[in-house]
Amino acid sequence: MRTTITAALLVTVISFSASAQGNATASPRPIGKRPVAGAVVATIDGGDFVYPRFSPDGKKLAYVSVQVVEGAELDEVILFDIASQKKRKLIDVGEAKKYATYSAYVSSMEWTGRNRLRVSMSDGDVDSEQLTFNTISGRIVRRRHTSEDDTRDRSAAVWMTPAQLLARRKAIAAFGADIADPLDSSLLTSGFLTRDGRIVGMALGPSSSGNVWLLDSVARTRTALLPRPGFPWSASLLGGVEIGRELLLVTSVDRNAWFVRMSPAGKPEELGMVEAVGDDREARVMRVSGSRFAVLVRRHRGAERGSNVVVFGAGSSLVESADYPEVADADVDPGMRNIAFAVWTKDDKRHIVIRCLPIRTRMPSFATGHSSLKLRRQ
């Protein structure tokens, strides 16, 4: 089974003001479903393909081709030029085999720059390689080896981005070393950073006051976004993002993913929910463009068949894609012009379909009429 360490994700903010009054919010309605995609741009089939990821300019799609050789998975990493529909391998089976103990499978993949693709590959045992490619030359420009047998690599910080490491150092300096463990857990799972370096995550303040927090290391303040007092239920953060001057979080409440928008003044607006998600799943922010967003909510992990959920949102409107019955993964390009679906087929393979997003899917902007977040601090 594949496991992915990820720090990025979306969407539910619970009413701070309602919690202060001791009132629980009403259950939001399920998000409406309809087809969102238009014409097919390209289809990648004839194999088992995962992790579709658009380049920062939207002109290329990186993806993983799952190959099984003599019972061992040896993943290939492929670049697909959308205009010419030509393919080029960054890692082939022979290269993958060099990283294998029992197998060599990709556990995560993301673009870190215009021509930089970072691939994390596990050896099927305790070691892994983090490889950053120059996608023009095809060469590895950075390589980091980690092992669970090496105590120096057990620190969560080895997996963090430079921005996360900086936020981590500032938070520990501001709030003390005791915050390190919950901070690391948040930054590598469902937590996220705002543009100015504040941190949203789980268990970052007194448990008696809340379970989802906003940390401001400069002001040395901790704001309870999801206080427990006054609520008859608790929520687990699945992910989140800052859009404009508002916060959008996704939490799991009674195993459903709640989408709620919080205004800069702390006024919440419940937008809807996705049913039957679970408390330990992931909401991955695929794209934010201006005040619009697209998010993938996972119901299933790795090679487990089933339907994961693609949600588009802007303003008070959310829509769930009904284009395919079983979506394994997806990605949206930076301009939100194309979407790549990895969809399950009858032969238990995953094919990739790139489709355009019509203008109607690029919904109106969020209203952001306030200049700053005004949230009660602890």
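See the structure above.
Quick caveat, the model's predicted, so the values are computed rather than measured.

Here we take up the pairing of strand E23 (residues 309-314). For a regular strand, side-chain orientation follows a simple rule: the groups alternate between the two sheet faces. In terms of burial, E23 is largely enclosed, as 6 of its 6 residues are buried. Both faces of E23 are covered, namely the face carrying Val309, Val311 and Gly313 and the face carrying Val310, Phe312 and Ala314. Bridge count between strand E22 (residues 292-297) and E23: 5 bridges; the pairing is antiparallel. Its bridge partner being in E23, valine 297 is matched across the sheet by valine 309. Adjacent in sequence and paired antiparallel, E23 and strand E24 (residues 317-321) are bridged by 2 residues, among which glycine 315 carries a positive phi angle near 60°.

Right, let's talk about the pattern of salt bridges for a bit. One pass over the full model with this rule turns up 20 salt bridges. Here glutamate 76 makes a salt bridge to lysine 89, at a shortest N to O gap of 3.1 Å. Here glutamate 76, found in strand E7 (residues 76-81), pairs with lysine 89, found in strand E8 (residues 87-91); they are 13 residues apart in sequence, far enough to count as distant. We classify lysine 89 as partly exposed; its relative accessible area is 49%. The partner of aspartate 184 in a salt bridge is arginine 168, and the shortest N-O contact between them spans 2.5 Å. Separated by 16 residues along the polypeptide, aspartate 184 in helix H4 (residues 180-187) and arginine 168 in helix H3 (residues 162-175) bring together distant segments of the chain. With a relative accessible area of 9%, aspartate 184 lands in the buried category. Overall, arginine 168 belongs to the buried group, its relative accessible area being 17%. If you follow the salt bridges from partner to partner, you end up with Arg53, Glu282, Arg284, Arg287, Arg298, Asp329 and Asp331 in one network.

Reading guide: rules and limits
- Residues numbered from 1 in each chain as written.
- Predicted model: local features only at pLDDT ≥ 70, side-chain atom pairs only at ≥ 80, totals over all residues.
- Heavy atoms only, no water.
- Buried < 20%, exposed > 50% of the residue type's maximum accessible area, 1.4 Å probe, protein only.
- Helix = DSSP H or I, 4+ residues; strand = E, 2+ residues; numbered from the N terminus.
- Pairing = 2+ DSSP bridges.
- Salt bridge = Lys/Arg side-chain N within 4 Å of Asp/Glu carboxyl O.

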